[in-house]
Amino acid sequence: MSMPTIRHVRAFTVRGGGADYHDQAAGHWIDDHIATPMSKYPEYRESRQSFGLNVLGTLVVEIEASDGTVGFSVTTGGEIGCWIVEKHLARFLEGAKVTDIEKLWDQMYNATLFYGRKGIVLNTISGVDLALWDLLAKVRKEPVHALLGGPVRDELSFYATGARPDLAKEMGFIGGKMPLHHSPAEREAGLRKNLDMLADMRSKVGDDFWLMLDCWMSLDVEYATRLATAARNESGLKWIEEALPPDDYWGYAELRRNVPRGMLVTTGEHEATRWGFRLLLEMECCDILQPDVGWCGGITELIKISSMADARGKLMVPHGSSVYSYHFVITRHNSPFAEFLMMSPKADEVVPMFNPQLLDEPVPVNGRMKASALDAPGFGVRLNPDIGLHRPYPR
Ligand SMILES: [Mg+2]
């Protein structure tokens, strides 16, 4: 079988939700007084958009092959991501075979080492990598999960991230993860409010439903230890997520030693590459790794991260990222469930996570998704032609 080559690469940006899921209109739960590392500044405490959480926008990468097949992806990256794709990465892609995924990852990563390694550059490499997997799977007329070894179970089960775990329980999810609202800057009164919110939710969902707290890098070890201990004792908190800034590997190791036995420490959504996750594993920072496949280096890197976790008996449950996670999670034993971000403004109904950018995006039904919902070629989604793409650096 002669494989097509890559003819052209295009990068677009688009505003308004989708892969940059923080880019929402006012009044959305995802921007309602959520604790962050910026909460120490009162003027940036009420809204994450106020300090620029939505400045990037979505990056759309399209890769067209010589046989006319087009693979694409969406991730967070916006105009900077477009610049990196068109001005730098396109040279490696155009002319390569559609099967050259591993080599292309290596070239993109090593060619950007002098200004990359993490953050926006890895978001961008992830976007290109996801588009390459989409393209190859479409050329082969198979779903991406088939290229990854095939499903190991008949369906995915999901926990829901959002402000209303009580409603998530009614919708069939296995657990609910709430954002933390009050940072250490709000002192003892804030800590009490955090614990009271959790206790109130526990009283609504009963004893057996998983409840988790997402702290979005906002705490220090001392506060996180007190919060985790009290939340475990008062409300049976299952895990404390991303309690500390991602560079504080030492703090995570200490927190993990400090939390009550049986409670889980999770992190990784702002970590990248096999080397970043190797640090989290070797320093015993957490119990569940949570890479975002659109940020950590794409599917090509997620394979490596997942394997390292598996060899150490750790779970790898990716952060958000919709179909790009689902096609991986369904193929791995150490990814026994998946995350679903509740993107309706009040977290009161299931809507597609990357709405409105993707068409045919599957969503959980009763908290579950059949493997057969992922059987279309590629990642099984189409780019919505009505979203108003902008190509800032055309070639
Ligand atoms: Mg999180």
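Regarding the pairing of strand E5 (residues 175–179)
Counting buried residues along E5, 5 of its 5 residues qualify, which places the element largely inside the surrounding structure. As paired elements, strand E4 (residues 155–161) and E5 share 2 bridges and run parallel to each other. Bridge pairing links Ala160 to Gly176 in E5. Where E5 lies against strand E6 (residues 210–214), 5 bridges are found, and the strand directions are parallel. The residue bridging Met178 from the neighbouring strand is Leu213, located in E6.

Here we look at the domain arrangement of the protein chain
Each assigned domain of the protein chain is listed here: domain 1 (6–20 + 56–141) and domain 2 (147–376). Of note, the centres of domain 1 and domain 2, computed from C-alpha atoms alone, are 26 Å apart. Listed as interface residues are 26 residues of domain 1 and, on the opposing side, 27 residues of domain 2. Roughly 2,000 Å² is buried in total at the junction of domain 1 and domain 2, and carbon and sulfur atoms are behind 61% of that figure. Interface area lost by domain 1 to domain 2 is led by Trp105, Leu130 and Trp133, which between them contribute 28%. Linking domain 1 with domain 2 are 2 salt bridges, by the criterion used here.

Section: the coordination of the magnesium ion
Distances from the magnesium ion to its protein donors, Asp214 (OD), Glu241 (OE) and Glu269 (OE), fall at 2.0 to 2.3 Å. All donors of the magnesium ion come from a single chain, and their spacing in sequence reads D-x26-E-x27-E. In this pair, Asp214 sits in strand E6 while Glu241 sits in strand E7 (residues 239–241), placing the two residues 27 residues apart along the sequence. With respect to class, Asp214 is no different from Glu241; both count as buried.

Cut-offs and rules
- Residues numbered from 1 in each chain as written.
- Predicted model: local features only at pLDDT ≥ 70, side-chain atom pairs only at ≥ 80, totals over all residues.
- Heavy atoms only, no water.
- Buried < 20%, exposed > 50% of the residue type's maximum accessible area, 1.4 Å probe, protein only.
- Helix = DSSP H or I, 4+ residues; strand = E, 2+ residues; numbered from the N terminus.
- Pairing = 2+ DSSP bridges.
- Domains from an automatic or database assignment.
- Contact = heavy atoms within 4.5 Å.
- Buried area = accessible area lost by both parts, 1.4 Å probe.
- Salt bridge = Lys/Arg side-chain N within 4 Å of Asp/Glu carboxyl O.
- Donors = N, O, S within 2.8 Å, 3.2 Å for Na, K, Ca; no water.

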